[in-house]
Amino acid sequence: MQGQGIVYCNDNPIRTDGIEWLNSHIGRIAVGKRISPNTIDILAYSDNLTDSKALRKYAKINDALYIRSVDNRGVTSVD
């Protein structure tokens, strides 16, 4: 998976439905904060798997969720 690197949007978080984000961005790694049971503010994301370690650290620093949706043989799961 190749991408442009980490996109930080902490100043203007992307407010989205969590399930919609996961289904629309399979393979994308993100950091987000839960606003309500179905709503998440995305603070940063990347399409590059090598950014995983940095995003895990960013999630910890911001007391946020590390979000990764993967498709494995037709079964979508959340890491």
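Residue indices begin from 1 for each chain and proceed along its sequence in written order. For a predicted model such as this one, the threshold for reporting local features is a pLDDT of at least 70, and the threshold for listing and counting side-chain atom pairs is 80 or more; totals across whole chains, interfaces and linings nevertheless cover every residue. Based on all heavy atoms of the structure, the side-chain values leave hydrogens and waters out of the count.

A. Up close: the packing of aromatic side chains. Centre distance within 6.5 Å is the pairing criterion for rings of Phe, Tyr and Trp, where only the six-membered ring of Trp is used; planes under 30 degrees apart are then read as stacked, over 60 as edge-to-face, and the remainder as tilted. Taken as a whole and judged by the stated rule, the model has two aromatic pairs. On the basis of an interplanar angle of 70° and a centroid distance of 5.0 Å, the ring pair of Y8 and Y58 is categorised as edge-to-face. Remark: Y58 occurs in helix α2 (residues 52-61) and Y8 occurs in strand β1 (residues 7-8); sequence separation between them is 50 residues. Ring geometry for W21 against Y45: centres 6.0 Å apart, planes inclined by 70°, an arrangement best described as edge-to-face. Here W21, found in helix α1 (residues 18-24), pairs with Y45, found in strand β4 (residues 39-46); they are 24 residues apart in sequence, far enough to count as distant. One exposure class covers both W21 and Y45, and it is buried. Cation placement over rings: the criterion is NZ of Lys or CZ of Arg within 6 Å of the ring centroid and within 35° of the ring normal. Lying over the aromatic face of Y66, R56 brings its terminal NZ or CZ to 4.0 Å of the ring centre. What counts as a helix is a DSSP run of H or I of at least four residues, what counts as a strand is a run of E of at least two, and both are numbered from the N terminus. Relative accessible area decides the class of each residue, using a 1.4 Å probe on protein chains only: under 20% of the type maximum gives buried, over 50% gives exposed, and in between gives partly exposed.

B. Inspection of the nonpolar core at higher detail. What we call a nonpolar core is a set of buried Ala, Val, Leu, Ile, Met, Phe, Trp, Tyr and Cys residues that are connected through their side-chain atoms within 4.5 Å. Residues I29, V31, L43, A44, L55, Y58, A59, A64 and Y66 constitute the largest nonpolar core, which totals nine residues. When residues of this core are traced back to their parent elements, those giving at least two are β3 (29-34), β4 and α2. Here the element with the most residues in this core is α2; it accounts for three residues. The contact definition used throughout considers only heavy atoms, calling two residues in contact when any of these lie within 4.5 Å. Non-local contacts of A59, meaning those with residues more than four positions away in its chain, are made with V31, A64, L65 and Y66. If you look at the next biggest cluster of nonpolar residues, it comprises eight residues, including C9, W21, L22 and I40.

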